[in-house]
Amino acid sequence: MPAKGAGPQVNVPHTDVVVVGAGVVGLSVAWRAARRGYTVTVADPAPGSGASHAAAGMLAPVSEVTYTEEPLLRLGLASLARWPAFAAELSGEAGVEVDYRTEGTLDVAFGSDDLAALGELADFMEKLALPVDRLTGRECRRAEPMLAPSVRGGVLASGDAWVDPRRVTAALLAALSRQGVTLVTDRVRGLAVEGDVVRGVRLARGGRVSADRVVLAAGAWSGSLDGVPPEVLPPVRPVKGQIMRLRGDPGFLGRCVRGVVHGSHVYMVPRGDGEIVLGATQEEMGFDTRVTAGGLWELLRDARELVPGVTELEVTDVFAGLRPGTPDNLPLIGRTALEGLLLATGHHRGGVLLCPLTADFIAGELAGEPAQDLGGAAAGPPVAAICSPLRFGPGRAISDPHRWKKEERGPSPGLRPGSPAPEAR
């Protein structure tokens, strides 16, 4: 059941919070805020139709770890730990299953160079005490029989999970309807600012939503709102990703399979109904959402090397979405220098993974609660320190979120699979 809609040139009654953007992040923020008793309005011309609609839904902070992004890894682990309760609570309230699965991710290598690079990455994972197992090519094929004989080896991240973002979006919209949240299907043209304080938003069709606080969660479009001072405007850019949806028999793959083929990355994410999500390109093309033959060919070329049977599957959908990227690949979550404006954007590839953590943090900010850490006093800086929108503006509180040295934060139980709080895409 959709949330309450609003027609052209509406003036919604005053609300405590207006959320700009109805992707999985914005809807999650609205849901958590509404559950705390705030009156909430969500504004988006096409809820759930952007990056959340295109996303594969991997919750994979371990298999997606990179050498220079330990703060992002910490965020991902902390959010993954929240996903089981988040999924159960959301499904229970909305009556919609989100296809949350926990069979892990198998990261495989095609050639000898790919295997060497994967081995070095596995060394890095082990230094961080991440839960991974190295597998031979034969062991990989035993785990996933559809893999090609040419697969040289792999790494199993058994703690990774995945979810269906389209089902999550549907569940969130149903849950918001039950909470009495108003959904305005109109584009937000700009902020309504009075005396250096945000008082709501102005709509493209001429209406206005008055609010005490505004949460900007418009993904790749977050940097294009009128009325935002230049020093507050989030440095978010669109990063194009093309993706395919295929259909075969249920059980074609039992877990997420990621691969490196001559240095190119590809992934395949199975759904319970036999769908396989194949993705994704990463292109700096501005706001271009064209699906191209070249992009799809590259995905199929690399997927076929790893799983030859993928070419026998039916193509059911192709899509191009725009991820919201930031200069340091970390999201922008929290208060800004403009009173009344909070950000929940810039999640790049991790919007689905990070939505529980983002929603909880923003709800805590609205309530004036102390900043959350990432799993205990020894687990590193709090979310506010890593994700502060102030880090890019004048008078920023944090010049470099990567500056936290190991000796400053102590040991890293937050990176360990059994630790109290850590968890993704």
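Described in the following lines is the structure provided in the data block. (Residues numbered from 1 in each chain as written. Predicted model: local features only at pLDDT ≥ 70, side-chain atom pairs only at ≥ 80, totals over all residues. Heavy atoms only, no water.)

A short note on the layout of surface pockets
Link 1 in the chain: If you add up the space inside the largest pocket, you get close to 930 Å³.
Link 2 in the chain: In terms of lining, the largest pocket is formed by 49 residues, of which the most central are Gly50, Ala51, Ala218, Gly219 and Trp221.
Link 3 in the chain: Broken down by secondary-structure element, the contributors of at least two residues to the lining of the largest pocket are helix H1 (24-35), helix H2 (51-54), strand S9 (188-194), strand S12 (237-247), strand S16 (314-325), strand S18 (341-345) and helix H8 (351-366).
Link 4 in the chain: At 6 residues, the largest contribution of residues to the lining of the largest pocket is made by S16.
Link 5 in the chain: Looking at side-chain class alone, the lining of the largest pocket contains 25 nonpolar, 18 polar and 6 charged residues.
Link 6 in the chain: Roughly 720 Å³ of internal volume is contained in the second largest pocket. (1 Å grid on protein atoms, 1.4 Å probe; cavity = no way out; pocket = protein on both sides within 12 Å on 5 of 7 lines; lining within 4 Å. Points joined across faces, edges and corners; volume = space filled by probe spheres on them. Helix = DSSP H or I, 4+ residues; strand = E, 2+ residues; numbered from the N terminus. Nonpolar A, V, L, I, M, F, W, Y, C, P; charged D, E, K, R; others polar.)

Let's talk about the sheet that holds strand S5 (residues 133-136)
Link 1 in the chain: Taken in spatial order, the 8 strands line up as S5-S6-S4-S13-S14-S15-S12-S16 in an open sheet, and their pairing is mixed. If you trace the sheet from one side to the other, it starts and ends with S5 and S16, each paired once. Neighbour-to-neighbour, the strand axes of the sheet open up by a mean angle of 20°, direction not taken into account.
Link 2 in the chain: Of the strand pairs in this sheet, strand S13 (residues 256-261) and strand S14 (residues 264-270) are connected by 5 bridges, and their pairing is antiparallel. Looking across to S14, one finds that Gly259 is bridged to Val266. (Pairing = 2+ DSSP bridges. Axes fitted to C-alpha atoms, helices over the stretch in contact; angles between N-to-C directions.)

Some thoughts on a nonpolar patch on the surface
Link 1 in the chain: A cluster of nonpolar side chains, namely Val291, Val315 and Val318, defines an oily patch on the protein surface of about 200 Å² accessible area.
Link 2 in the chain: Residue placement: Val291 occurs in the loop between strand S15 (275-279) and helix H7 (293-306).
Link 3 in the chain: In this structure Val291 comes out as partly exposed when scored by relative accessible area, which is 34%. (Patch = residues over 30% accessible without salt bridge, like charges linked within 9 Å, V, L, I, M, F, W, Y side chains within 5 Å. Areas by Shrake-Rupley, 256 points an atom, 1.4 Å probe, with all protein chains shown as cover. Salt bridge = Lys/Arg side-chain N within 4 Å of Asp/Glu carboxyl O. Buried < 20%, exposed > 50% of the residue type's maximum accessible area, 1.4 Å probe, protein only.)

Brief notes about the packing of aromatic side chains
Between two aromatic rings, the relevant description is the distance of the centres plus the angle of the planes.
Link 1 in the chain: One pass over the structure, following the stated rule, counts 5 aromatic pairs.
Link 2 in the chain: Between the aromatic rings of Tyr67 and Phe124, the centroid separation amounts to 5.0 Å while the plane-to-plane angle is 55°, which identifies the pairing as tilted. Residue Tyr67 is located in the loop between strand S3 (58-59) and helix H3 (70-94), and its partner Phe124 is located in helix H4 (residues 112-127); the two are separated by 57 residues in the primary sequence.
Link 3 in the chain: With a relative accessible area of 16%, Phe124 lands in the buried category.
Link 4 in the chain: Put simply, the rings of Trp31, Trp83, Phe86 and Tyr100 pair up and form one aromatic cluster. (Phe/Tyr/Trp six-rings, centres within 6.5 Å; stacked < 30°, edge-to-face > 60°.)

Some words on H3
Link 1 in the chain: Taking 1.5 Å of rise per residue, the 25 residues of H3 would be expected to cover 36 Å, and the 35 Å separating its terminal C-alpha atoms lies within 8% of that figure.
Link 2 in the chain: At Trp83, H3 is deflected by roughly 40°, the largest bend along its length, and proline Pro84 occurs up to four residues later in sequence.
Link 3 in the chain: Phi turns positive, to about 70°, at Gly95, one or two residues after H3. (Expected span 1.5 Å × (residues − 1). Bend = angle between axes of the 7 residues up to and from the residue.)

Some points on the packing of H3 against H8
Link 1 in the chain: Viewed as axis vectors pointing N to C, H3 and H8 meet at an angle of 85°, and their least axial separation amounts to 7 Å. When the axis of H3 is compared with that of H8, the two are roughly perpendicular. Contact residues: Leu72, Leu75, Gly76, Ala78, Ser79, Leu80, Arg82, Trp83 and Phe86 in H3; Val352, Leu353, Leu354, Cys355, Pro356, Leu357 and Asp360 in H8.
Link 2 in the chain: Among the residues forming the contact of H3 with H8, the class breakdown is 12 nonpolar, 2 polar and 2 charged. (Parallel < 35°, antiparallel > 145°, perpendicular 65-115°, else oblique. Contact = heavy atoms within 4.5 Å.)

Considerations on the nonpolar core
Link 1 in the chain: Of all hydrophobic cores here, the largest spans 53 residues; its most connected members are Val19, Val42, Trp83, Leu90 and Ile362.
Link 2 in the chain: For this core, the secondary-structure elements that each account for two or more residues are strand S1 (11-20), H1, strand S2 (40-43), H3, helix H6 (165-178), S18, H8 and helix H9 (383-387).
Link 3 in the chain: Per-element tally for this core: the top contributor is H8, with 9 residues.
Link 4 in the chain: If we ignore the near neighbours within four places in the chain, the residues touching Ile362 are Val29, Val215, Ile333, Gly334, Leu342, Leu343 and Ala344.
Link 5 in the chain: By size, the runner-up hydrophobic cluster in this structure holds 25 residues, among which are Leu135, Cys140, Leu147 and Leu246. (Core = buried A, V, L, I, M, F, W, Y, C linked by side-chain atoms within 4.5 Å.)

With respect to the pairing of S2
Link 1 in the chain: Every second residue of S2 is oriented toward a common face, with Val40 and Val42 on one face and Thr41 and Ala43 on the other, all of them buried.
Link 2 in the chain: As defined by bridge partners, S2 adjoins strand S8 (residues 182-184) across 3 bridges and the pair is classed as parallel. Directly across from Val42, in S8, lies its bridge partner Leu183.

Describing the packing of H1 against H6
Link 1 in the chain: Two elements in contact, H1 and H6, have axes whose closest approach is 10 Å; the angle formed by their N-to-C orientations is 30°. Classed by the angle they form, the pair H1 and H6 counts as roughly parallel. Every pair of crossing elements has a handedness; the one defined by H1 and H6 is left-handed. Residue-level contacts link Val24, Leu27, Ser28, Ala30 and Trp31 of H1 to Val168, Thr169, Leu172, Leu173, Ala175 and Leu176 of H6.
Link 2 in the chain: Of the residues contributing to the contact of H1 with H6, the split by class is 9 nonpolar, 2 polar and no charged. (Left-handed = near helix turned anticlockwise from the far one by under 90°.)

Things to note about unusual backbone geometry
Link 1 in the chain: Between Gly279 and Ala280 the backbone carries a cis peptide bond, its omega angle lying at -20°.
Link 2 in the chain: You can see Ala280 is positioned in the loop between S15 and H7.
Link 3 in the chain: In this structure, Asp99 is a non-glycine residue whose phi angle is positive, near 55°.
Link 4 in the chain: On the secondary structure map, Asp99 appears in the loop between H3 and strand S4 (105-109).
Link 5 in the chain: Residues other than glycine seldom take positive phi values, yet Asp196 does so here, at roughly 65°.
Link 6 in the chain: Within the secondary structure layout, Asp196 lies in the loop between S9 and strand S10 (197-203).

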